[in-house]
Amino acid sequence: MLVRELRVRDAWELTPTLHEDTRGLFLELFRDDVVERVRGRAFGVRQSNVSVSRAGVLRGIHYSVAPDGQAKYVTSVWGRILDYVVDLRVGSDTFGEWDVVELGTPERRAVYLAEGIGHAVVALEDGATLAYLLSGSYSPEFEHVIDALDPALAIELPPEFDPESRSGRDRAGMLLAEAAERRLLPIFASDGGAPR
């Protein structure tokens, strides 16, 4: 598995080795030892999610401020998807920066996001299906949304993006400055642990 550090601190792109033959394809979707090596501690999967989207749908920017944090390992099991990682951790040297990785065929990449990093996706084709592994369970009281269209972030969305595709929750997301003012952003933990 190839690992590439992203522009956002504590976020990585992981590209599996593909084993193809006349029967089809085999790959290792997730390797705990690889993730543990890049993050410096065990991942500890607590929940697994799947989301299916039509072309043009934008979901996010979602993030958690749960006390133990919520790291994510995300891949596409079908279809092409742009995965945006956004550093929302106050005190991080990449705070407010973002990067994007195309998930899906042919490389079948995945992304790992440490606790406190925001996450948004845009489906590039109908039926695009994401699988998530999470280090913490969903806790609605700790979940927040930053508006992906916040001009301060200047996220470059693809032409496939459908502005009408966002959920009411995502359209009502806070601007980054508002979340900071309301103290609803995670605080970067320089020791590599969960944000405070």
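Cut-offs applied
- Residues numbered from 1 in each chain as written.
- Predicted model: local features only at pLDDT ≥ 70, side-chain atom pairs only at ≥ 80, totals over all residues.
- Heavy atoms only, no water.
- Helix = DSSP H or I, 4+ residues; strand = E, 2+ residues; numbered from the N terminus.
- Polar contact = N/O pair within 3.5 Å; in protein donor to acceptor, adjacent residues only side chain to side chain.
- Contact = heavy atoms within 4.5 Å.
- Core = buried A, V, L, I, M, F, W, Y, C linked by side-chain atoms within 4.5 Å.
- Buried < 20%, exposed > 50% of the residue type's maximum accessible area, 1.4 Å probe, protein only.
- Patch = residues over 30% accessible without salt bridge, like charges linked within 9 Å, V, L, I, M, F, W, Y side chains within 5 Å.
- Areas by Shrake-Rupley, 256 points an atom, 1.4 Å probe, with all protein chains shown as cover.
- Salt bridge = Lys/Arg side-chain N within 4 Å of Asp/Glu carboxyl O.
- Pairing = 2+ DSSP bridges.

A. Broad picture of the side chain of R39. Along the chain, the position of R39 falls in helix α1 (residues 32–39). A distance of 3.2 Å separates the side chain of R39 from the backbone oxygen of A42, its partner in a polar contact. When near neighbours in sequence (up to four residues on either side) are disregarded, R39 contacts W12, A71, Y112 and E115.

B. Looking closely at the nonpolar core. Ranked by internal contacts, the top residues of the largest apolar core, which has 29 residues, are F43, Y73, V74, V85, Y112, I117 and L130. For this core, the elements supplying multiple residues, two or more each, are β2 (11–15), α1, β7 (72–78), β8 (81–87), β9 (98–103), β10 (110–113), β11 (117–123) and β12 (128–134). For this core, the leading source of residues is β12, giving five residues. Counting residues in hydrophobic clusters, the runner-up holds 21 residues, among them L58, F161, M174 and L176.

C. Seen up close, a nonpolar patch on the surface. A cluster of nonpolar residues, L29, V77 and W78, forms a patch on the protein surface that exposes about 290 Å² of accessible area. With respect to the helices and strands, V77 occurs in strand β7. V77 sits in the partly exposed class, given a relative accessible area of 41%.

D. A look at the pairing of β7. Where burial is concerned, most of β7 is hidden: five out of the seven residues are buried. By the bridge criterion, four bridges tie β7 to β10 in an arrangement that is antiparallel. Looking at the pairing, T75 lines up with A110 of β10. As paired elements, β7 and β12 share six bridges and run antiparallel to each other. Bridging across to β12, W78 finds its partner in T129.

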